[in-house]
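Coordinate analysis (summary)
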Amino acid sequence: MATWRIIDHPILGAAPADRTVIIDFDGRPVEAIEGEPIAAALMAAGVASFRTTPVRHEPRGVFCAIGRCTDCVMTVDGVPNVRTCVTPARDGMIVRTQHGLGEWSDSGCGDSN
Amino acid sequence: MRRFELAVVGAGPAGLAAAIEAGSAGVRTVVIDENLKPGGQLFKQIHKFFGSSEHQAGTRGFEIGRRMLSTLSDTGVEVWLDSQVYGLFPGWTLAVNRGDRHEKVQADRVLLATGASENSIPFPGWTLPGVMGAGAAQTMINVHRVLPGSDVVMVGSGNVGLIVSYQLLQAGANVVAVVEAAPKIGGYGVHASKLRRAGVPIYRSHTVLRATGPGRVAEVTIGMLDESWRPVSGSERTFRADTICLAVGLTPLAELAWMAGCEFIHNSRLGGFIPVHNREMETTTAGLFVAGDITGVEEASSAMEEGRLAGLAAASSLGRIGRAEAESRMQRVWDRLCQLREGPFGVHRRQAKDDILRKFEVRAGDCATSEKPAAGKECAG
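Residues numbered from 1 in each chain as written. Chains lettered and ligands numbered in written order. Predicted model: local features only at pLDDT ≥ 70, side-chain atom pairs only at ≥ 80, totals over all residues. Heavy atoms only, no water.

1. Here we look at the overall build of chain B
When you go through chain B residue by residue, the secondary structure sums to nine helices and 19 strands. For chain B, whose C-alpha radius of gyration is 22 Å, the value lies close to the compact-globule estimate of 21 Å for 381 residues. The dimensions of chain B, computed from C-alpha atoms along their principal axes, are 65 × 50 × 35 Å. Per-residue burial for chain B yields a buried fraction of 56% across its 381 residues. A sequence separation of at least 24 residues applies to 61% of the contacts in chain B between residues at least 6 apart. Carbon and sulfur atoms make up 50% of the accessible area of chain B, which totals about 15,400 Å². Taking the average location of the 41 positive side-chain charges in chain B and that of its 39 negative ones, the two points are 4 Å from each other. (Helix = DSSP H or I, 4+ residues; strand = E, 2+ residues; numbered from the N terminus. Rg over C-alpha atoms; globule rule 2.2 N^0.38 Å. Buried < 20%, exposed > 50% of the residue type's maximum accessible area, 1.4 Å probe, protein only. Contact = heavy atoms within 4.5 Å. Areas by Shrake-Rupley, 256 points an atom, 1.4 Å probe, with all protein chains shown as cover. Lys, Arg positive; Asp, Glu negative; His and termini not counted. Charge placed at Lys NZ, Arg CZ, Asp CG, Glu CD.)

2. A word on the sheet that holds strand E9 (residues 151-155) of chain B
By definition, the strands of a sheet pair up through backbone hydrogen bonds, in either a parallel or an antiparallel sense. Residue and element names in this part refer to chain B. One open sheet holds the five strands; their spatial order is E8-E15-E9-E10-E11, and the pairing between them is parallel. Looking at strand neighbours, the two that pair on one side only are strand E8 (131-133) and strand E11 (202-204), the edges of this open sheet. The sheet shows a mean angle of 20 degrees between the axes of neighbouring strands, taken without regard to direction. Here E9 runs beside strand E15 (residues 243-246); their pairing, made up of four bridges, is parallel. From the neighbouring strand, Val-153 faces E15, where its bridge partner is Ile-244. Its contacts with the sheet place helix H3 (residues 134-143) against E8, E9 and E15, and it is angled at close to 85 degrees to E8. (Pairing = 2+ DSSP bridges. Axes fitted to C-alpha atoms, helices over the stretch in contact; angles between N-to-C directions.)

3. Description of the packing of aromatic side chains
Residue and element names in this part refer to chain B. Under the criterion given, the structure shown has five aromatic pairs over all chains. Taking 6.1 Å as the distance between ring centres and 80 degrees as the angle between the ring planes, the aromatic pair formed by Phe-4 and Trp-80 counts as edge-to-face. With a gap of 76 residues between them, Phe-4 in strand E1 (residues 2-9) and Trp-80 in strand E3 (residues 78-80) connect regions that are remote in the sequence. Accessibility expressed as a relative area gives 4% for Phe-4, which makes it buried. When the ring of Tyr-203 is compared with that of Phe-239, the centres are 5.8 Å apart and the planes differ by 55 degrees; the resulting orientation is tilted. On the criterion of sequence distance, the pair formed by Tyr-203 in strand E11 and Phe-239 in strand E14 (residues 237-240) is long-range, its members being 36 residues apart. Judged by relative accessible area, which is 16%, Tyr-203 ranks as buried. (Phe/Tyr/Trp six-rings, centres within 6.5 Å; stacked < 30°, edge-to-face > 60°.)

4. Let's talk about the side chain of Ser83(B)
Residue and element names in this part refer to chain B. Looking at the element boundaries, Ser-83 is found in strand E4 (residues 83-89). Classification of Ser-83 by relative accessible area gives buried; the value is 1%. Reaching out from Ser-83, the side chain makes a polar contact with the backbone oxygen of Leu-81 at a distance of 2.7 Å. Not counting residues up to four positions away in its chain, the partners in contact with Ser-83 are Ile-32, Asp-33, Glu-34, Val-96, Asn-97 and Arg-98. (Polar contact = N/O pair within 3.5 Å; in protein donor to acceptor, adjacent residues only side chain to side chain.)

5. Here we look at the sheet that holds strand E5 (residues 73-76) of chain A
All names here are of chain A. The five strands lie next to each other as E2-E1-E7-E5-E6, forming an open sheet whose pairing is mixed. Edge strands, defined here as strands with exactly one partner in the open sheet, are strand E2 (28-33) and strand E6 (79-83). Each adjacent strand pair in this sheet contributes to an overall mean axis angle of 40 degrees, direction not counted. Taken together, the two bridges between strand E1 (residues 20-25) and strand E7 (residues 94-96) define a ladder with parallel strand orientation. Across the sheet, the residue bridging to Phe-25 is Val-95, located in E7.

6. Remarks on the side chain of Thr59(B)
Considering the arrangement of structural elements, one finds Thr59(B) in the loop between strand E2 (29-32) and helix H2 (61-73). Setting aside its immediate chain neighbours within four residues, Thr59(B) contacts His47(B), Lys48(B), Phe49(B), Ile64(B) and Arg67(B).

So this is what it looks like as structure tokens:
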């Protein structure tokens, strides 16, 4: 499946024709609908793992999708621990898999792991 | 510092209903919500609501949400989004993170309509990507229109588990199985029947034993439980699935009520610790009201009714509605609430809610002298 987006829906109808933008996920371009959560864009691209844990380096992904559990945090435009399920995607955003607690970056080019 | 007569925390069904009542009565009201959009969980509910026409039965949740927002916009109520209330101090002062700045709000009355969060259960592999709350999956498919995976195992057969399973089918996913630890299906038969007609097996007296990866969920093993809830050896069954949804209950989000020093009561049927309140939704801390899932997990219809009660009570206490009118309007709301708490599912919730009202009155010590109907007798029968 090229995309996990729900194009047609029996109740909600056809997907609205919203503006698409490109975000940078770990160095590769990923299409996002402007304003949708970063997590939705990544999920639509088939990404499941958003970060790794500090001690055992295990993968974690979206768990609550409403900004409470912090399992989906990533480093976004150089800022670590951004809750991607409630942070809107903007064109040109630099989104990095976060390792452990993440690191601040002045360059805006993601963390330094 | 901004001043309001009423600050409502949470723009879900309860908070919006309260704000509509209070705002329509001329109460200077602000609704504060941490999300970017108002409506709480209403906009992910694409099924038709139950109940009578008074409860907007037959109308889908997101349509109800649209109507409420439209009504609210005529009342002059301010809605602050992307705004998180992180502090609540007597008097009342609310500390708010509003976008990237900090604001203080002064309010004569406060309503907490903060909702609930999803529970989880641990099992080997439960932290793998692909394991998520059923509500999380519902948000993804119905609000953001993205499938969390292609093959889903649903854990829990309450109404959330059943409804989200069906909505996953509508969104184009394959629901491999619904797994229920109890011997009986938890939710309404009508929802279970729709799944069964679609060919989804519902395994009762079964639980998820483990999920394996690597990287994300790839296989899910379930097993039968005996009468002591222990796995029966040899009953294991493994499915290929990339997603596990957990529909294992919700817990009221009551942090701000704890902060304000409210008295609590524990009720496992309603989801855990709940701020004790009276029939007008006022807590043991005068001027602080609660409505919706924070008062015990039910569904959106009763959350809206409780919001109306709280909005009317707050407006009345602020002198914006006469006492007699408020009483009669609240009685009509109670009549509808009682209807929602009937039947084999509702009666248990009603009894649990009665316990909360009773605790409030026992504490207040006015059982014998109160002119109001005695707590626990809001609903006849």
